[in-house]
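Given next are the chains, with one letter for each unit.
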Amino acid sequence: MSHQPAVATKMSGEMDKPLIGRRLVDSNGSLAEAPSEAPKVGILGSGDFARSLATRLVSSGFNVVVGSRNPKRTAGLFPSVAQVTFQVDAVSAPEVIFVAMFREHYSSLCSLSDQLAGKILVDVSNPTEQEHLRHRESNAEYLASLFPTCTVVKAFNVISAWTLQAGPRDGNRQVPICGDQPDAKRAVSEMVHAMGFMPMDMGSLASAREVEAIPLRLLPGWKVPSLLALGLFVCFYAYNFIRDVLQPYVQESKNKFYKLPVSVVNTTLPCVAYVLLSLVYLPGVLAAALQLRRGTKYRRFPDWLDHWLQHRKQIGLLSFFCAALHALYSFCLPLRRSNRYDLVNLAIKQVLANKSHLWVEEEVWRMEIYLSVGVLALGTLSLLAVTSLPSIANSLNWREFSFVQSTLGFVALVLSTLHTLTYGWTRAFEEKHYKFFLPPTFTLTLLVPCVIILAKGLFLLPCFSRRLAKIRRGWERDSAVKFMLPTGPTLTEKTSHV
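Residues numbered from 1 in each chain as written. Predicted model: local features only at pLDDT ≥ 70, side-chain atom pairs only at ≥ 80, totals over all residues. Heavy atoms only, no water.

Quick look at empty space enclosed by the protein
Working step 1: Scanning the entire structure with this criterion turns up 2 cavities of 30 Å³ or more.
Working step 2: Of the voids in this model, the second largest cavity is the one considered here, and its volume is about 30 Å³.
Working step 3: Along its surface, the second largest cavity is lined by F102, R103, E104, S125, N126, P127, E131 and N139.
Working step 4: In the lining of the second largest cavity, the residues fall into 2 nonpolar, 3 polar and 3 charged. (1 Å grid on protein atoms, 1.4 Å probe; cavity = no way out; pocket = protein on both sides within 12 Å on 5 of 7 lines; lining within 4 Å. Points joined across faces, edges and corners; volume = space filled by probe spheres on them. Nonpolar A, V, L, I, M, F, W, Y, C, P; charged D, E, K, R; others polar.)

Here it is in structure tokens:
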């Protein structure tokens, strides 16, 4: 197909210009006329995605021709500079044609086989989950089988119509591209660049099935962390229910089931947030211990640890979510009617006991420290959550990102531990707090974080920290090659396995 390199060359000159350089807006919101020398691109289809695609192409400096079965009815839906005509007329001039229609309508284009011969067809369709399981071939491969004289490229199926209209800054910038002809992929990649997106080569057209599966995934990295958070919530909620509601009902005949919607939930949320935060840093401790034990960094971690390390971001964000809910629930506690009744009853008891002044210095200091440390912990968690966003993380260099996520993250864990300890104070040593012989909930949540803090402290000892630093710089215990860490501005002895 000798014409394709010429198309790619022509596009490269046009695409190097600014994205919205030619865009002009009329008073009615339509785009002004594009220059006649702009590359001509065809679109087959008149749905929502086709309209958004036409708008983006026009604003990026392309001359767009839309093919529709009823051009008079659909012409008003497209930008005024886009030419809306019949399908047979829309495919005659453009070398690149977007097929923006569903798979079941591909066969209706067979009458255009002669006009489409030698063209580049860009398939932007997505199958439903049922269609993806039913068909063994992708939509792009099916389109290629119907038009063997054309070059089919899969692209833009992961970009939503909203992202095309609003621009790449408000959505994902990556556009996976796959096809069998390098020249055709290069031409489409240049168009992707011109539209403000970032092409990502996924290989041959055989990869189209994998590319079409991307939009069908529903938060694939969140399934395990969400189930973990839900499981912890159910376990702690049941534990708190037994201690705070069931025990008074069984042993004291007190009905405290009113605590279930707010009080028990608010007692459960910080437990879940605290444990999830500790589970973010526990795999790092285990990985360091494994490297110290093995004496090398070149052996794979076990699969369970590897997956755990990959899910730390999601676990941390869920921890922040639970902590934020805990803060909101805590603000709502004084608004409960039951809390007002408790205050009135406490005042009556104080009057009947002839106590004019009720002030416990220890409790006052405990609550002051407890609230202050809790606010600091939530603020640090907020900073971790914000820097986890791709738009913020991309603006940080590696040292800044590592400092926030590692150093400040560990500070957040220490602050959360202090928050929990000041909440517990001396309650862990008082027999009346062991209801049904069950320890207070906060004592259970302290187990894993305290182990992590102690392990981190051990790794700071010179005997461990220097050895771990050597291993992470490439040193191996069983290697005959000597390795020394730099002790000054100059490195006296340096070895590397890279």
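So, next bit.
Quick word on helix α7 (residues 139-146)
Along an α-helix, residues three or four positions apart point the same way, because every turn accommodates 3.6 residues.
Working step 1: Three or more residues of α7 are buried, namely N139, A140 and L143. Taken down its axis, α7 places every buried residue within 100° of arc, on the same side.
Working step 2: Of the surrounding secondary structure, the elements contacted by the buried residues of α7 are β4 (96-99), β5 (120-123), β6 (151-154) and α10 (208-213). (Buried < 20%, exposed > 50% of the residue type's maximum accessible area, 1.4 Å probe, protein only. Helix = DSSP H or I, 4+ residues; strand = E, 2+ residues; numbered from the N terminus. Arc of directions from axis to C-beta. Contact = heavy atoms within 4.5 Å.)

Observations regarding the UniProt feature "transmembrane region" (unreviewed entry) in the protein
Working step 1: When the UniProt feature table is mapped onto this chain numbering, "transmembrane region" (unreviewed entry) sits at residues 224-242, 262-290, 315-336, 369-389, 401-422 and 442-464.
Working step 2: When the span residues 224-242 is considered, its composition is 100% helix and 0% strand, and the gap between its end C-alpha atoms is 27 Å.
Working step 3: What you have in residues 315-336 is 82% helix and 0% strand, and the ends, taken at the C-alpha atoms, are 31 Å apart. (UniProt positions renumbered as here; feature names shortened; annotations may be inferred.)

Comments concerning the side chain of T387
Working step 1: Summarising the element assignment, T387 is placed in helix α16 (residues 361-387).
Working step 2: Since its relative accessible area comes to 5%, T387 is described here as buried.
Working step 3: For T387, the side chain forms a polar contact with the main-chain oxygen of L383, separated by 3.0 Å.
Working step 4: Separated by 2.8 Å, the side chains of T387 and Q405 make a polar contact.
Working step 5: Ignoring any residue separated from it by four or fewer positions in sequence, one finds T387 in contact with I392, A393, L396, F401, V404 and Q405. (Polar contact = N/O pair within 3.5 Å; in protein donor to acceptor, adjacent residues only side chain to side chain.)

Focus on the layout of surface pockets
Working step 1: The computed volume of the second largest pocket comes to approximately 1,300 Å³.
Working step 2: Taken together, 36 residues line the second largest pocket, and the ones lying closest to its centre are Y281, R312, S402, Q405 and S406.
Working step 3: Those elements giving two or more residues to the lining of the second largest pocket turn out to be α12 (263-294), α13 (303-310), α14 (312-332), α16, α17 (390-393), α18 (398-424), α20 (447-459) and α21 (462-472).
Working step 4: Along the lines of polarity and charge, the residues of the lining of the second largest pocket split into 22 nonpolar, 9 polar and 5 charged.

Focus: unusual backbone geometry
Working step 1: Positive phi, normally seen in glycine, also occurs at L219, with a value near 50°.
Working step 2: When you line up the elements, L219 lands in the loop between α10 and α11 (223-251).
Working step 3: The phi dihedral of F437 falls on the positive side, at around 65°, and the residue is not glycine.
Working step 4: In this structure, F437 sits in the loop between α18 and α19 (441-445).

Section: the sheet that holds strand β7 (residues 174-179)
Working step 1: Ordered in space as β3-β2-β1-β4-β5-β6-β7-β8, the 8 strands form an open sheet in which the pairing is mixed. Only two strands of the sheet have a single neighbouring strand rather than two, namely β3 (83-86) and β8 (198-201). Each neighbouring strand pair of the sheet contributes to a mean axis angle of 30°, computed without reference to strand direction.
Working step 2: The strands touched by α7 are β4, β5 and β6; relative to β6, the strand with the most contacts, the crossing angle is about 170°.
Working step 3: Relative to β7, helix α9 (residues 182-194) is tilted by about 165°, and along the sheet it contacts β1 (40-44), β4, β5, β6, β7 and β8. (Pairing = 2+ DSSP bridges. Axes fitted to C-alpha atoms, helices over the stretch in contact; angles between N-to-C directions.)

Details of the pairing of β1
Working step 1: Among the 5 residues in β1, 4 count as buried, and that is most of the element.
Working step 2: Looking at chain direction, β1 and strand β2 (residues 63-68) are connected through 5 bridges and run parallel. Looking at the pairing, L44 lines up with G67 of β2.
Working step 3: Where the polypeptide runs from β1 across helix α2 (residues 48-59) and back to β2, its parallel neighbour, the crossover connection is right-handed.
Working step 4: Direction of pairing for β1 relative to β4: parallel, over a ladder of 4 bridges. From the neighbouring strand, V41 faces β4, where its bridge partner is V96. (Right-handed = clockwise from strand over helix to strand, strands pointing away.)

Thoughts on a positive patch on the surface
Working step 1: A surface patch of like charges, here positive, comprises R293, R299, R467 and R477.
Working step 2: Here R467 shows up in helix α21. (Patch = residues over 30% accessible without salt bridge, like charges linked within 9 Å, V, L, I, M, F, W, Y side chains within 5 Å. Areas by Shrake-Rupley, 256 points an atom, 1.4 Å probe, with all protein chains shown as cover. Salt bridge = Lys/Arg side-chain N within 4 Å of Asp/Glu carboxyl O. Lys, Arg positive; Asp, Glu negative; His and termini not counted. Charge placed at Lys NZ, Arg CZ, Asp CG, Glu CD.)

Digging into the packing of aromatic side chains
Working step 1: Per the counting criterion, the structure on display carries 10 aromatic pairs.
Working step 2: For the pair Y423 and F442, a centre-to-centre distance of 6.0 Å together with 85° between the ring planes defines the contact as edge-to-face. Here F442 lies in helix α19 and Y423 lies in helix α18, a separation of 19 residues in the sequence.
Working step 3: Using a relative accessible area of 32% as the deciding quantity, one classes Y423 as partly exposed.
Working step 4: The ring of Y142 carries the charged tip of R103 above its face, separated from the ring centre by 4.4 Å.
Working step 5: Across the ring face of Y423, the terminal group of R427 is positioned such that the distance to the ring centre comes to 5.0 Å. (Phe/Tyr/Trp six-rings, centres within 6.5 Å; stacked < 30°, edge-to-face > 60°. Lys NZ or Arg CZ within 6 Å of the ring centre and 35° of its normal.)

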